[in-house]
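# Reading the structure
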Amino acid sequence: MRYVSVKNVIDLIASIGIEALLVDLAAYLEEDFRRWESFEKVPRYASHSKNGVIELMPTSDGAKFGFKYVTGHPKNFELDLQTVCAFGVLSDVATGYPELISEMTILTALRTAATSALAARFLARTDARSMALIGLGSQSEFQAFAFKAMLGIRKLRVFDIDTAATAKFVNNMAASGIEIMVADSGEEAVVGTDIITTVTADKRKAVILSDNLVGAGVHINAVGGDCPGKTELQAAILERASVFVEFEPQTRIEGEIQQMSHDFPVTEFWRVVTGAHVGRQSREEITIFDSVGFAMEDFTMLRFLSDRVEGTEFYADIDLITSPSDPKNLFGLLEAGAKVRAVAPRLISGSL
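Residue positions within a chain follow its written sequence, with the count starting from 1. Given that this is a predicted model, residues contribute local features only at a pLDDT of at least 70 and side-chain atom pairs are listed and counted only at 80 or more, while totals for whole chains, interfaces and linings are drawn from all residues. For side-chain calculations, the full set of non-hydrogen atoms in the structure is used, while hydrogens and water are omitted.

### Looking at the environment of Asp24
Locating Asp24 in the fold gives a position in helix α2 (residues 18-34). Throughout, a contact is declared for two residues whenever any of their heavy atoms are within 4.5 Å. Excluding anything up to four places from it in sequence, Asp24 contacts Phe304 and Arg308. Strands are runs of DSSP state E lasting at least 2 residues, helices are runs of H or I lasting at least 4, and numbering of each runs from the N terminus.

Written as structure tokens, this is what we have:
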């Protein structure tokens with residue numbers, strides 16, 4: 001079975017280049033959104049605790065099955081731990097055998113950013129060239145590179161209440177080719193920008209973006225609200241906007257629209273990709289991509305990764321699944337192991 005480690009992923013990204021990889025990944029995502037109806041769709045399983053959440057995100061297209069194990073623990077940074085960690089598995093449906101296991105903390109950041117930029121390509125104004133980014137944690141650089149690569153964003157206004165996070169972001173983006181202005185407030189960051197991305201981590205209902213800050217024609221990429229009880233947008237913004245989601249039953253539980261009535265109108269993004277529904281209808285329209293992350297996107301990430309590492313040095317083969325010569329004689333593996341252990345001492349003593 002192929003195992004893709006953290007180092008393998010880092011080396012793969014270095015070999016391709018992060019912008020080229022994000023563009024290629026977005027093409028895979030668009031392809032899978034176009035065949036949305038072929039996927040099994042269920043809201044993710046979530047085990048909530050006072051410190052965070054552990055989730056399983058499964059789906060299948062009938063040929064492959066994929067799942068991601070992912071955590072969200074906002075206070076982990078106090079322990080010098082990641083607030084999100086993940087791994088994923090891709091399997092063959094015909095045999096049930098897993099084919100690939102991989103780290104997915106970095107890969108989740110990549111697929112989230114690629115999905116955000118893909119949605120903006122369909123929903124933002126075609127002449128959008130500036131973006132405000134509120135929240136400069138682990139996802140922020142990935143979002144910035146994705147929007148640069150896919151939408152040509154060259155001007156970025158950023159804000160975070162954490163000055164250390166701001167300094168980290170500015171340092172990481174120094175050679176990006178993006179003009180970055182550090183704002184003193186969220187209000188200063190968003191005024192006059194074409195796209196607003198909110199990607200904060202605190203697990204609570206909050207107003208990161210208020211209605212009075214959102215003008216006509218803006219596209220909002222709402223990434224941070226991704227679990228029950230956590231939001232970033234004032235509800236009044238949603239009432240003025242056209243809202244697009246990944247999988248509606250899940251987003252009504254976890255997304256910005258958890259604030260709204262059960263019949264609040266939304267459009268699943270795949271309908272826009274396939275042409276079944278119009279995306280942006282005018283320059284003045286406010287559009288929102290209420291992104292919470294869906295299992296299909298992780299499936300796509302694993303499918304992309306599987307294709308990219310095949311025949312390369314960016315994975316290792318691991319001994320994870322038993323393979324007895326006689327499939328009906330699983331116990332025989334134990335007997336063979338016992339015989340090896342019994343012979344080993346005699347060989348050692350005979351050599352003295």
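### Side note on the packing of α2 against helix α3 (residues 105-123)
Axis angles are defined between N-to-C directions and span 0 to 180 degrees, where every axis is a line fitted to C-alpha atoms and, for a helix, only to the segment in contact. Here α2 crosses α3 at 70°, and the two axes come no closer than 9 Å. With respect to α3, the element α2 is oriented roughly perpendicular. Judged by the twist between their axes, the crossing of α2 over α3 is right-handed. Packed against α2, whose contacting residues are Ile18, Leu21, Leu22, Leu25, Ala26, Leu29, Glu30, Phe33 and Arg34, the element α3 presents Leu110, Arg111, Ala113, Ala114, Thr115, Leu118, Arg121 and Phe122 at the interface. Three classes are used, and their members are as follows: Ala, Val, Leu, Ile, Met, Phe, Trp, Tyr, Cys and Pro are nonpolar, Asp, Glu, Lys and Arg are charged, and the others, Gly among them, are polar. Here the contact of α2 with α3 is built from residues that sort into twelve nonpolar, one polar and four charged. Here roughly perpendicular refers to angles of 65 to 115 degrees, roughly parallel to angles under 35, roughly antiparallel to angles over 145, and oblique to all remaining angles. Here is the rule for handedness: rotate from the far helix to the near one, and if that takes an anticlockwise turn smaller than a right angle the crossing is left-handed, while a clockwise turn gives right-handed.

### Focus on the pairing of strand β10 (residues 195-198)
The two faces of β10 match: Ile195 and Thr197 on one face and Ile196 and Thr198 on the other face are all buried. Two strands pair if DSSP finds at least two bridges between them. When strand β7 (residues 130-134) meets β10, the two strands line up parallel, connected through four bridges. Residue Ala132 lies in a different strand from β10, and its bridge partner there is Ile196. By the bridge criterion, four bridges tie β10 to strand β12 (residues 219-222) in an arrangement that is parallel. Looking at the pairing, Thr198 lines up with Ala222 of β12. Throughout this description, buried means an accessible area under 20% of the type-specific maximum (1.4 Å probe, protein chains only), exposed means over 50%, and partly exposed covers the range between.

### Re a nonpolar patch on the surface
The grouping of Tyr3, Tyr97, Ile318, Leu320 and Ile321 at the surface amounts to a nonpolar patch, some 440 Å² of accessible area in total. Residue placement: Tyr3 occurs in strand β1 (residues 2-4). For Tyr3, a relative accessible area of 34% translates into the label partly exposed. Each patch is built from salt-bridge-free residues with over 30% relative accessible area, joining like charges within 9 Å and nonpolar side chains (Val, Leu, Ile, Met, Phe, Trp, Tyr) within 5 Å. For every accessible area listed, the method is Shrake-Rupley and the probe measures 1.4 Å; residues are considered covered only by the protein chains on display. Salt bridge, as applied in this entry: a Lys or Arg side-chain nitrogen positioned within 4 Å of an Asp or Glu carboxyl oxygen.

### Regarding empty space enclosed by the protein
Every definition here rests on a 1 Å grid over the protein atoms only: cavities are sets of points where a 1.4 Å probe fits but cannot get out, pockets are open sets enclosed by protein on both sides within 12 Å along at least five of seven lines, and lining residues have some atom within 4 Å of a point. Grid points are joined across faces, edges and corners, and a volume is the space filled by probe spheres set on the points. All chains considered together, the criterion is met by one cavity of 30 Å³ or more. Here the largest cavity is characterised by a volume of approximately 40 Å³. For the largest cavity, the full set of lining residues is Val9, Leu12, Ile13, Leu21, Leu107, Leu110, Met301, Phe304 and Leu305. A class-by-class count of the residues in the lining of the largest cavity yields nine nonpolar, no polar and no charged.

### Remarks on the sheet that holds strand β8 (residues 155-159)
Here eight strands make up an open sheet; going across it, the order is β9-β8-β7-β10-β12-β16-β14-β15 and the pairing parallel. If you trace the sheet from one side to the other, it starts and ends with β9 (179-182) and β15 (267-268), each paired once. As defined by bridge partners, β12 adjoins strand β16 (residues 287-290) across four bridges and the pair is classed as parallel. Within the sheet, the bridge partner assigned to Ile220 lies in β16 and is Ile288.

### Concerning the pattern of salt bridges
Tallied over the entire structure, the rule returns 22 salt bridges. One salt bridge in this structure joins Arg35 and Asp32, with 2.8 Å as the shortest N-O distance. What makes Arg35 partly exposed here is its relative accessible area of 26%. A salt bridge links Asp127 to Arg125; its shortest N-O distance comes to 3.1 Å.

### Some details on helix α4 (residues 140-151)
Along an α-helix, residues three or four positions apart point the same way, because every turn accommodates 3.6 residues. Between the first and last residue of a helix there are one fewer steps than residues, each counted as 1.5 Å, and that sum is the expected span. Taking 1.5 Å of rise per residue, twelve residues should cover 16 Å, and α4 covers 16 Å from first to last C-alpha, within 8% of that figure. Judged by how many residues are buried, α4 sits mostly within the fold: eleven of twelve residues are covered. Buried within α4 we find Ser140, Glu141, Phe142, Gln143, Ala144, Phe145, Ala146, Phe147, Lys148, Met150 and Leu151.

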